[in-house]
Amino acid sequence: MALIKCPECGHQVSDKAATCPSCGVAIAGNVKRENEVPKGKRSMTIPIVAGVVAVIAVLVGLYFYNNVQDRNELDAYENAMSCSEAAVLQNYLDMYADAPQAHRDSIMAHLALLKKVDSDWDEAMVNNTRSAFENYLRVHPESVHKTEALLKLDSIDWAFAAEADTPEAYSKYVADHADGMHIDEARLKLEKLEKSIIAEDEKLMVTSVLTSFFNALGNNDEEALTMSIDVVLNSFLHRAGATKADVISYMKRIHSPEDITGIVFRMNNDWKIEKIDLGEGECSYVVDFSVDEKIQRTDESKETFSSYKVNAKVSNHGKITDLNMKKGVAE
């Protein structure tokens, strides 16, 4: 048994009572419990609840969809801004036409800059000069073409050094391109050239030996002559393997005419000396110079003056190893 309210007077009454003791209204079979829902109302509640749930589901779905789309757009934007390929930036603009205007403006500015970088690079390539590539790197220090521009500078500087072929040129290349493509070759060239540099005492030794030779030749001085030459000469007056005896024989021959009373050789001091590194501490000096010959003779109708172009080699031990002469125009 349960107490319910009378539908007429509102007094409490047993749900088993036939009538309300207060007002006499019939109770049994006519009064519904307070929490009992009419069938009509119950049938309407289910669709309403299902509709509300469906709307909520759609709204949640839209929220997450939009959230994913926004995330995708942001990721694409950040990727494009960090990229140096124009195609990637253009793809962003094509795919995200409804992206925030600030993002699209940034991408378009970045794209314009990349196009300017490429345009400037094309111009530098056309000019193909050191100043053009230097200017490009100054304006675009972090360009995608940076490595290529540095390689171009390396190539240009190496071509200049190789053409100059001097210690100064190779030294500058080594200083400017410590990791250059030609650094090993440059160092070898520099080392070789530095070995070929002739010190003042070396020049003095070479010129003194050759001067002594021609003085001895003019004075018919056999002892002084042989002191200035090697035991065997590679070439003497274009004769291979000439000995000291061969050189002495030549000296005797030029003094043999009876009308000759003296011969004087005068060096013209137009020395051109090249140092050749032979390795293991040995070297040779290749010398080109000219010498005049004044012949004193009783018969002045004969030749009294000659000029010679001389090519000689002198060892670092102070001995002539090669000596060849070509006669010039006599006065």
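Below, the structure is looked at part by part. (Residues numbered from 1 in each chain as written. Predicted model: local features only at pLDDT ≥ 70, side-chain atom pairs only at ≥ 80, totals over all residues. Heavy atoms only, no water.)

Moving on, we get to the overall build of the protein chain. Counting secondary structure elements, the protein chain contains ten helices and nine strands. Over its C-alpha atoms the protein chain spans a radius of gyration of 55 Å, topping by over 25% the 20 Å that the globule rule assigns to 331 residues. Principal axes of the C-alpha set define a box for the protein chain whose edges measure 185 × 40 × 30 Å. Buried positions account for 33% of the 331 residues belonging to the protein chain. For the protein chain, the computed accessible surface area is about 21,000 Å², with 55% contributed by carbon and sulfur atoms. Separation of charge centres in the protein chain, based on 36 positive and 53 negative side chains, amounts to 7 Å. (Helix = DSSP H or I, 4+ residues; strand = E, 2+ residues; numbered from the N terminus. Rg over C-alpha atoms; globule rule 2.2 N^0.38 Å. Buried < 20%, exposed > 50% of the residue type's maximum accessible area, 1.4 Å probe, protein only. Areas by Shrake-Rupley, 256 points an atom, 1.4 Å probe, with all protein chains shown as cover. Lys, Arg positive; Asp, Glu negative; His and termini not counted. Charge placed at Lys NZ, Arg CZ, Asp CG, Glu CD.)

For the pair helix α5 (residues 146-164) and helix α6 (residues 167-176), interaxial distance at closest approach is 8 Å and the crossing angle is 160 degrees. In terms of orientation, α5 and α6 fall into the roughly antiparallel class. Crossing hand, α5 versus α6: left-handed. Counting all contacts with α5, which are made through D154, D157, W158, A161, A162 and A164, the residues of α6 involved are A169, Y170 and Y173. For the contact of α5 with α6, a count of residues per class yields seven nonpolar, no polar and two charged. (Axes fitted to C-alpha atoms, helices over the stretch in contact; angles between N-to-C directions. Parallel < 35°, antiparallel > 145°, perpendicular 65-115°, else oblique. Left-handed = near helix turned anticlockwise from the far one by under 90°. Contact = heavy atoms within 4.5 Å. Nonpolar A, V, L, I, M, F, W, Y, C, P; charged D, E, K, R; others polar.)

Moving on, we come to α6. When α6 is considered as a whole, its buried residues turn out to be A169, Y170, Y173 and V174. Down the axis of α6, the smallest arc covering the buried residues is 135 degrees, so these residues share one side. Away from the buried face of α6 by more than 90 degrees, exposed residues E168, K172 and A175 are located. (Arc of directions from axis to C-beta.)

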